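Here are the chains, one letter per residue:
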Amino acid sequence: MNPMKVVKADYERRIELPGVPAPVPRPVDIDQSQTGFNNLRTLRIYRFDSGSVIDGHAEDDEVFIVVLSGSVELTMSLGSEQGSPSILSGPNDSDGSACAAYLPPHAAYRLVPHNQADVAYARATPVGSQPPKVFPRSGTPHSKGVVTSLEETTYAEKLRFRLVKIDATRGQVIIPPMSESETNGEAFVHVGNVEAGAATMLPSPDSASVVLDSWDTVVLTPGERPMLRIRGGSVLVLILFSA
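Below you will find a few notes about this structure.

Cut-off values and rules
- Residues numbered from 1 in each chain as written.
- Predicted model: local features only at pLDDT ≥ 70, side-chain atom pairs only at ≥ 80, totals over all residues.
- Heavy atoms only, no water.
- Phe/Tyr/Trp six-rings, centres within 6.5 Å; stacked < 30°, edge-to-face > 60°.
- Helix = DSSP H or I, 4+ residues; strand = E, 2+ residues; numbered from the N terminus.
- Buried < 20%, exposed > 50% of the residue type's maximum accessible area, 1.4 Å probe, protein only.
- Pairing = 2+ DSSP bridges.
- Axes fitted to C-alpha atoms, helices over the stretch in contact; angles between N-to-C directions.

A few points about the packing of aromatic side chains
So, point 1. Counted by the stated rule, this structure contains 11 aromatic pairs.
So, point 2. Between the aromatic rings of F64 and F161, the centroid separation amounts to 4.8 Å while the plane-to-plane angle is 70°, which identifies the pairing as edge-to-face. Taken as a pair, F64 in strand β7 (residues 62-69) and F161 in strand β17 (residues 160-167) lie far apart in primary sequence, 97 residues in all.
So, point 3. Plain terms: the ring middles of F161 and F241 are 6.1 Å apart, the flat faces sit at 40° to each other, and that makes the pair tilted. Highlighted residues: F161 in strand β17 and F241 in strand β24 (residues 235-242), separated in sequence by 80 residues. F241 carries the same exposure label as F161, and that label is buried.
So, point 4. Among the aromatic residues, those joined into a ring-pair cluster are F64, Y102, F135, Y155, F161 and F241.

If you want it as structure tokens, here you go:
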């Protein structure tokens, strides 16, 4: 079995975006040249500063936009139809706002950060599409210490995602980041801010565990179903994108 692939963040990477005066940090920048995937095209995570105005386009893809921290105003449009602005905030914010949106192929958007905001974009190329949509957080508890802040598995044609908060302050937590039904697809498992050495991934029962750092992204090919272990006393946010 090939070793599980972990892509490290590059905090020095900066990208020039039209209309933004200074290059924008893009610590996570994963595409098919690195993964060999057929369906999941890219995962990119930006750090936007307050005062920026980001105008973007889905092109031929369906896109999930997920705010990991901070707060933004997002306005999506499709053809001549422009939606109303929506406020999206990270999963740790307590204001109850949404944290994710779906952008169909050929749609455009304008994103205005209210403060420094980390925003993830995952892409796949579908055959059809749905209208643009914003998804509110759900806060569904599962096993001890594990809460799904938001899960969306049916709206997009190919893309799926799940945003999970794992609270191991009362003791170690061991969970599979993917359900058994998800192992047939391609997946990115991105680990949010976590103390050094607090999270490890066990690729298979007969392999050594892999220590995960903050902003690491694990690339999972079809058939892989590792276990994630979170050290007692730690809290982390995990986001899974699959297709």
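Section: the sheet that holds strand β5 (residues 40-48)
Within a sheet, adjacent strands bond to each other through the backbone by hydrogen bonds, running parallel or antiparallel.
So, point 1. Pairing is antiparallel across the open sheet formed by six strands, whose spatial order is β4-β5-β13-β7-β11-β14. Two strands lie at the open edges of the sheet, namely β4 (28-31) and β14 (133-135), each paired on one side alone. Strand-to-strand twist across the sheet, computed as the mean angle between neighbouring axes with direction ignored, equals 15°.
So, point 2. Sheet topology places β7 next to strand β13 (residues 117-124); seven bridges connect them, and they run antiparallel. Paired with I65 across the two strands is Y121, which belongs to β13.

So, the sheet that holds strand β18 (residues 173-175)
So, point 1. Read across the open sheet, the four strands follow the order β18-β23-β20-β21; overall the sheet is antiparallel. Every other strand in the sheet has two partners, leaving β18 and β21 (210-212) as the edge strands with one partner each. The sheet shows a mean angle of 25° between the axes of neighbouring strands, taken without regard to direction.
So, point 2. Two strands pair when backbone bridges link them, and β18 and strand β23 (residues 227-230) are joined in this way by three bridges, in the antiparallel orientation. By the bridge assignment for β23, V173 is matched with I230.

A look at unusual backbone geometry
So, point 1. Even without being a glycine, H106 presents a positive backbone phi close to 70°.
So, point 2. Among the secondary structure elements, H106 is positioned in the loop between β11 (100-103) and β12 (107-113).
So, point 3. If you check the backbone angles, W215 has positive phi at about 75° while not being a glycine.
So, point 4. For W215, the position within the fold is in the loop between β21 and β22 (217-220).

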